[in-house]
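Chain by chain, the residues:
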Amino acid sequence: MKRAGRDRRALLVAMTPPAPFIVDIGSDHGHVAHAVGAYATERRPHRTGRLDLNWIIADGLRPFRDVDVAIVAGMGALTIIGILADSPPPRVAVLHCPDDPPRLRRWLAGNGWRIEAEGLAREAGRFAEVVRARPGTEPHTGLELEFGPRLPQDPLWPEHVRQLLGHWTNLAEATAGKAPEKHADAMARVQWLSRW
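Everything quoted here is computed from the prediction, not taken from an experiment.

Chemist: An account of the nonpolar core is requested, with residue identities and associated values reported.
Modeler: One finds Leu-84 and Leu-108 to be the most contacted residues of the largest nonpolar core, which totals 26 residues. For this core, the element with the most residues is helix α3 (residues 77-85), which contributes five residues. Apart from residues no more than four positions distant in its own chain, Leu-84 is found in contact with Leu-61, Pro-90, Ala-93, Leu-95, Trp-107, Leu-108 and Trp-113. Within the second largest apolar cluster, 18 residues are counted, among which are Leu-11, Met-15, Ala-40 and Val-130.

Chemist: Provide a residue-level description of the packing of helix α6 (residues 157-175) against helix α7 (residues 180-194), including the pertinent values.
Modeler: The contact between α6 and α7 brings their axes to 8 Å, and the two run at 155°. For the element pair α6 / α7, the angle class is roughly antiparallel. The handedness of the crossing between α6 and α7 is left-handed. Contacts between α6 and α7 involve Trp-157, Val-161, Leu-164, Leu-165, Trp-168, Thr-169, Leu-171, Ala-172 and Thr-175 from the former and Lys-182, His-183, Asp-185, Ala-186, Met-187, Arg-189, Val-190, Trp-192, Leu-193 and Ser-194 from the latter.

Chemist: Describe the side chain of Asp-154, naming the residues involved and giving the relevant values.
Modeler: Relative to the helices and strands, Asp-154 resides in the loop between α5 (142-146) and α6. Buried charged residue Asp-154 carries no salt bridge. Nearest counter-charge: Arg-122, at 8.4 Å. Within the structure, Asp-154 has its side chain in polar contact with the backbone nitrogen of Leu-120 (distance 3.0 Å). Leave out the neighbours within four places in its chain, and Asp-154 touches Gly-119 and Leu-120.

Chemist: Please provide a residue-by-residue account of the environment of Phe-21, values included.
Modeler: Here Phe-21 shows up in the loop between α1 (3-14) and β1 (22-25). Between the C-alpha atom of Phe-21 and that of Tyr-39, which follows or precedes it by 18 residues, the distance is 7.8 Å. What Phe-21 contacts, discounting residues up to four positions off in sequence, is Tyr-39, Phe-64, Asp-66, Val-67, Asp-68 and Val-69.

Chemist: Got a sec to walk through unusual backbone geometry? Specific residues and values, please.
Modeler: At Asp-28, a position not held by glycine, the phi torsion is positive, near 60°. Mapped onto the fold, Asp-28 is located in the loop between β1 and α2 (31-36). The partly exposed category is assigned to Asp-28, whose relative accessible area is 35%. The residue Ala-124 is not glycine, and still its phi comes out positive at about 50°. Along the polypeptide, Ala-124 turns up in the loop between β6 (113-123) and β7 (126-135).

Chemist: Give a description of the environment of Gly-112 that names residues and reports values.
Modeler: Mapped onto the fold, Gly-112 is located in the loop between α4 (101-110) and β6. Look at Gly-112 and you get partly exposed, because its relative accessible area is 37%. For the pair Gly-112 and Asp-99, spaced 13 residues apart in sequence, the C-alpha separation works out to 22 Å.

Cut-offs and rules
Sequence order as written defines the numbering, with residues in each chain counted from 1. Given that this is a predicted model, residues contribute local features only at a pLDDT of at least 70 and side-chain atom pairs are listed and counted only at 80 or more, while totals for whole chains, interfaces and linings are drawn from all residues. No hydrogens and no water enter the side-chain calculation; it runs on all heavy atoms of the structure. Definition used in this section: a nonpolar core is a set of buried Ala, Val, Leu, Ile, Met, Phe, Trp, Tyr and Cys residues joined via side-chain atoms within 4.5 Å. The classification of residues rests on relative accessible area computed with a 1.4 Å probe and restricted to protein chains. Under 20% of the type maximum is buried, over 50% is exposed, and intermediate values are partly exposed. The helix and strand labels rest on DSSP assignments: H or I over at least four residues marks a helix, E over at least two residues marks a strand, and numbering proceeds from the N terminus. Should any heavy atoms of two residues lie within 4.5 Å, those residues are counted as being in contact. For helices, the axis comes from a line fit to the C-alpha atoms of the stretch in contact; other axes are also lines fit to C-alpha atoms, and the angle between any two N-to-C directions lies between 0 and 180 degrees. Throughout, the term roughly parallel applies to angles under 35 degrees, roughly antiparallel to angles over 145, roughly perpendicular to angles from 65 to 115, and oblique to all others. Here a crossing is called left-handed whenever its near helix is offset anticlockwise from the far helix by less than a right angle, and right-handed whenever the offset is clockwise. Positive: Lys, Arg. Negative: Asp, Glu. His and the chain ends are not part of the count. When a carboxyl oxygen of Asp or Glu lies within 4 Å of a side-chain nitrogen of Lys or Arg, that pair is called a salt bridge. Here a polar contact is recorded for every N or O atom pair within 3.5 Å, except that within protein the pair must consist of a potential hydrogen donor and a potential acceptor, and residues adjacent in sequence are included only if both atoms are side-chain atoms.

In structure tokens:
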């Protein structure tokens with residue numbers, strides 16, 4: 001396995017607080033579940049990995065009524081949102097979506113979650129963003145929320161900003177004179193990121 005995958009797993013482990021009942025949803029091979037002492041879940045029996053774990057065949061968090069920590073990682077933002085919206089909230093959620101972290105943060109903030117910690121890990125030429133949230137009120141809004149209110153504390157933040165700035169600058173140039181709304185949005189993001 002590539003080093004980048006190990007970096008993301010290590011970050012997920014580091015951001016998972018110790019607790020009596022931890023569930024790793026969609027655990028795949030079970031590496032994170034094993035490292036934090038979690039119950040590992042998959043929707044289908046043939047997907048289960050390591051034999052030295054407690055596996056539960058489950059769809060999301062539906063079978064559980066009292067979860068201390070839920071790890072939901074490596075899924076799309078909409079899938080993670082669906083899992084959290086469809087179940088009693090865990091006391092802590094450790095989340096990673098590779099496709100749209102801003103959408104996930106907006107949903108968390110609008111649905112009774114507070115982001116208490118975030119971290120970055122190198123992955124496949126980009127940066128994986130991991131969010132830890134608890135039920136509560138999120139004070140951050142706008143682009144500060146979308147780009148990660150706690151990410152500036154991460155040592156990889158300057159590199160992450162450079163990468164994001166390149167992406168949004170390219171998009172601003174590509175939409176200039178063609179798509180006014182997209183261009184204005186991209187320019188707003190370029191200006192915000194340029195502060196760093």
